[in-house]
Amino acid sequence: MRKWLISAACAAMLSASAQGETLEYSTAGNWRIAVDPSLGNGCFVIGDFTQGTSIRLGFNFHDDNAEFYILFGNAKWRSIEYGKNYSVQLQFGEKPKWEGNAQGFSFDPPESQSFLELTIVKNQVGELIKEFMQEKNLTLDYNKKEILRLSLKNSFNAGLKLFECQQSMINENQDPFRDTAPKTGDPFR
């Protein structure tokens, strides 16, 4: 079993996503790639599946504290409590399971849908994304029972576009004229 660490601060920062607009970047099959300005222009991929299930994986650069997160949601999971920890296991294909605590999360608690949020430590992000891109499915277990199985069709292309998107956001943030350009009437935009 591999373990990941959860950052409680990430949930609070992700909640800003509900207030801001995300910017569409690209698609890869049923995956959409977008930018979340409220997370320091962190890019993410989101897939919507049957029976109300969705998954979102992305980068959070809020306050220059880079993190990677995964959100799992299902319209039927109404009993998830905001801020509560849930011991879960995540597995990509037949790879060893990732094990740790997911935290209850909502973009607008308590009114909006609840999700499970996993935050991945920096030194494990590469391995996790590699498995996401290479494997054909993922499973999520709770209380030693499989609660979710999803196809990862097109996840390889989605992962490539996620990195492409994030690199373009990093390059944009390095623009020396970006911060000094006039707030209105910018002739370079």
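Residues numbered from 1 in each chain as written. Predicted model: local features only at pLDDT ≥ 70, side-chain atom pairs only at ≥ 80, totals over all residues. Heavy atoms only, no water.

Digging into the side chain of Asn74
Within the secondary structure layout, Asn74 lies in strand S6 (residues 67-74). A residue is classified by how much of its surface remains accessible, and Asn74, at 8% relative accessible area, is buried. A polar contact is formed between the side chain of Asn74 and the side chain of Thr53, at a distance of 2.7 Å. (Helix = DSSP H or I, 4+ residues; strand = E, 2+ residues; numbered from the N terminus. Buried < 20%, exposed > 50% of the residue type's maximum accessible area, 1.4 Å probe, protein only. Polar contact = N/O pair within 3.5 Å; in protein donor to acceptor, adjacent residues only side chain to side chain.)

Considerations on the nonpolar core
Residues Trp31, Ile55, Phe68, Ile70, Phe72, Leu90 and Leu116 are the most contacted members of the largest nonpolar core, which totals 38 residues. Per element, the largest residue contribution to this core is five residues, and it comes from helix H2 (residues 122-134). Counting residues in each nonpolar core, the second largest holds nine residues, with Ala34, Ile46, Leu71 and Phe115 among its members. (Core = buried A, V, L, I, M, F, W, Y, C linked by side-chain atoms within 4.5 Å.)

A short note on the environment of Gly42
As for its placement among the helices and strands, Gly42 is situated in strand S4 (residues 42-48). Residues Gly42 and Glu67 lie 25 residues apart in sequence; the distance between their C-alpha atoms is 9.4 Å.

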